[in-house]
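Chains, contacts and geometry: an overview
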Amino acid sequence: IHDRSMAWLDEPVPALKNKTPRQAAKTPKLRAEVERMIRTYPDAGSPNGPIRVPRQEMLKELGFV
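So, how was this worked out
- Residues numbered from 1 in each chain as written.
- Predicted model: local features only at pLDDT ≥ 70, side-chain atom pairs only at ≥ 80, totals over all residues.
- Heavy atoms only, no water.
- Helix = DSSP H or I, 4+ residues; strand = E, 2+ residues; numbered from the N terminus.
- Buried < 20%, exposed > 50% of the residue type's maximum accessible area, 1.4 Å probe, protein only.
- Contact = heavy atoms within 4.5 Å.
- Phe/Tyr/Trp six-rings, centres within 6.5 Å; stacked < 30°, edge-to-face > 60°.
- Lys NZ or Arg CZ within 6 Å of the ring centre and 35° of its normal.
- Core = buried A, V, L, I, M, F, W, Y, C linked by side-chain atoms within 4.5 Å.

So, on to the environment of Tyr 41. If you trace the backbone, Tyr 41 turns up in the loop between helix H3 (28-40) and helix H4 (55-61). Look at Tyr 41 and you get partly exposed, because its relative accessible area is 22%. Considering only alpha carbons, one finds Tyr 41 and Lys 29, 12 residues apart in sequence, at a separation of 20 Å. Setting aside residues no more than four positions away along its own chain, Tyr 41 makes contact with Ser 5, Trp 8, Val 53 and Arg 55.

What follows is the structure in structure tokens.
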């Protein structure tokens with residue numbers, strides 16, 4: 001899930017006007033939306049418990065923390 005989550009930062013997202021989260025984070029109007037999307041990105045479930053999305057790493061990568 002780590003690699004998939006980090007790759008998402010460079011994929012166009014319709015909700016971000018087809019910008020990647022990395023591009024949108026540089027846009028004042030979309031920056032807050034990118035942060036909200038990352039903070040609310042759901043963890044994956046597994047038989048052994050939840051698999052955590054690397055939210056802090058994603059936020060750091062985009063300069064939010």
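Turning our eyes to something else, we now look at the packing of aromatic side chains. If you walk through the whole model with that rule in mind, you get 1 aromatic pair. Looking at Arg 31, its charged tip hangs above the ring of Phe 64, at a distance of 4.1 Å from the centre.

In this structure, Trp 8, Leu 9, Val 34, Ile 38, Met 58 and Leu 62 are the most contacted members of the largest nonpolar core, which totals 16 residues. Of all the secondary-structure elements, those providing two or more residues to this core are helix H1 (2-8), H3 and H4. Element by element, the count of residues in this core is highest for H3, at 4 residues. Leaving out residues up to four positions away in the same chain, Ile 38 has contacts with Trp 8, Leu 9, Arg 55, Met 58, Leu 59 and Leu 62.

On to unusual backbone geometry. Note: most peptide bonds trans; most residues except glycine with negative phi. Positioned with a positive phi, Lys 17 is a non-glycine residue whose angle comes to about 60°. Note on placement: Lys 17 falls in the loop between H1 and helix H2 (21-24). Even without being a glycine, Asn 18 presents a positive backbone phi close to 60°. Tracing the backbone through its elements, the reader meets Asn 18 in the loop between H1 and H2.

Remember, this is a structural readout, not a statement about activity or role.
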